[in-house]
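# Overview (structure and organization)
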Amino acid sequence: MASRDPRWVLKDRPSFTLIIGLIVTGLCALVSFAFDVLNGAPVQFFISLILALAPVPLLLAAVLALDRMEPEPRSNLIFAFAWGAGVAVLVAGVINSLNLHYIIDAANLSAASARNVAATFGAPVVEETMKGLVLLGLLRFRRAELDGPTDGIIYASMVGLGFAMSENVSYYIAALNSDQGGIGLAVTVVLRGVLSPFAHPLFTSMIGVAVAYAAQRQGSDRVFSILAGWVGAMLLHGLWNGLSSYGGFPGLVIAYLVLLVVLVVLIALVISDRRRIVALIQRYLPPYEPTKLVNPADIHMLSALSRRRRARQWAKVHGGKRGLRAMSDYQLAATELGLLHERAARRMIDEQTFHEEQRALLECMSTAKASFPVPPAHLGAAARGTPPPGYAPG
């Protein structure tokens, strides 16, 4: 038996350090918004804030839809988003402003030319570094959460969405203060909020994939992969800004095509990673069949997102919220068990840690399975260890 609440292994409880981090990022976001208020009237700020917030729920839903096989702890996702919206935006904004003034003074350029230079060569370095720091923090303090490229993409996308949201507020205020006024705002909203909402997440996903790769490796390969991802993010960001600044409409079309290719590659990585996790489940869970915590029907259910969803629906229909929570916990614990075996096979954890987490995960599965609803018509089948048809369709 585990010596503490076995659900600790599902990592869904925020730590004191994480709470402090959320407070700090929240304060940074308030300071950043304070600068925005100073740059425009309060009414302009609230209009810009509403426009920046409007697409966020849809964008978050699109990102989290990729994170269904082994969902990341919500507290970590919130922190990544808050880091992007607070610390990263504030620090990057200050440094970018200083860089812009330096370029104007040193190169004797007009304000417009200096902005293009800063956006193409300076902003990508500063912004990707500030966003990437949270991924390095995950590698250092939450390495076990980075089980594959999907996790790196999810965390990178969360910090990128937070950054883009706060940055859009500044751009929308600047558009309102321009000579074009409402027309300029409409164009900016279309370009930033409609046509390129995933630009920042795609840039930072280069670092996310690299950090996730490093989390699964030992030795010097880790440093090389992180540096490669960091350079890739900066180059992609700089290419986007450069083509948008200097290329006109043809440059903008090329920039969108480049991002489209990157998006397709990342989606292919996510699909490949799902297949890897299914293979781990099918490889490592059958030996646990003698414990009665898993059987062929369970493995069949766990091997496809559609069957997992149907099982949760069945549990909710027959057991309400308690049944749904039990099924969700079982699916997550079983998936984590397969990933735990992979970490042990890669020698990423020691034997004591493996056995401690293994016991906790098995106890989670046992507690969850004991809470599965059993419709009266299926009591006999359940007593023989056969799941009801609605629980394991097919």
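For the structure given in this document, a descriptive report is provided here. (Residues numbered from 1 in each chain as written. Predicted model: local features only at pLDDT ≥ 70, side-chain atom pairs only at ≥ 80, totals over all residues. Heavy atoms only, no water.)

### Some details on the environment of V258
Locating V258 in the fold gives a position in helix α10 (residues 248–284). For the pair V258 and W240, spaced 18 residues apart in sequence, the C-alpha to C-alpha distance is 8.4 Å. Apart from the residues lying within four places of it in its own chain, the contact partners of V258 are L236 and L239. (Helix = DSSP H or I, 4+ residues; strand = E, 2+ residues; numbered from the N terminus. Contact = heavy atoms within 4.5 Å.)

### Section: the environment of A304
Residue placement: A304 occurs in the loop between α11 (296–302) and α12 (305–345). Considering only alpha carbons, one finds A304 and A315, 11 residues apart in sequence, at a separation of 17 Å.

### A word on a nonpolar patch on the surface
A cluster of nonpolar side chains, F249, V253, L257, L260, L263, V264, I267 and I271, forms an exposed patch at the surface whose accessible area comes to about 730 Å². Mapped onto the secondary structure, L263 falls in helix α10. Overall, the relative accessible area of 36% leaves L263 in the partly exposed class. (Patch = residues over 30% accessible without salt bridge, like charges linked within 9 Å, V, L, I, M, F, W, Y side chains within 5 Å. Areas by Shrake-Rupley, 256 points an atom, 1.4 Å probe, with all protein chains shown as cover. Salt bridge = Lys/Arg side-chain N within 4 Å of Asp/Glu carboxyl O. Buried < 20%, exposed > 50% of the residue type's maximum accessible area, 1.4 Å probe, protein only.)

### Some remarks on the side chain of D298
With respect to the helices and strands, D298 occurs in helix α11. Overall, the relative accessible area of 0% leaves D298 in the buried class. Not counting the four nearest positions on each side in its chain, D298 is found in contact with L293, Y330, K369 and Y391.

### Describing the environment of I95
Mapping I95 onto the fold places it in helix α4 (residues 74–107). A relative accessible area of 31% means that I95 is categorised as partly exposed. Here the alpha-carbon distance between I95 and L260, two residues 165 residues apart in the chain, equals 30 Å.

### Brief notes about the nonpolar core
Counting residues in hydrophobic clusters, the biggest one holds 49 residues, and the most contacted among them are W83 and L135. Broken down by element, this core gets its largest block of residues, 13 residues, from helix α6 (residues 149–177). Discounting chain neighbours no more than four positions away, the residues touching L135 are G152, Y155, A156, T204, I207, G208 and V211. By size, the runner-up hydrophobic cluster in this structure holds 34 residues, among which are I281, W314, L337 and L339. (Core = buried A, V, L, I, M, F, W, Y, C linked by side-chain atoms within 4.5 Å.)

### So, helix α13 (residues 351–370)
Across its 20 residues, α13 extends 28 Å between first and last C-alpha, which sits within 8% of the 28 Å expected from 1.5 Å per residue. For α13, the set of buried residues is F354, E357, Q358, A360, L361, L362, E363, C364, M365, A368 and K369. Contacts made by the buried residues of α13 are with α11 and α12. Among the residues of α13, the N-terminal cap falls to D350, whose side-chain oxygen and the backbone nitrogen of Q352 are separated by 3.3 Å. (Expected span 1.5 Å × (residues − 1). Polar contact = N/O pair within 3.5 Å; in protein donor to acceptor, adjacent residues only side chain to side chain.)

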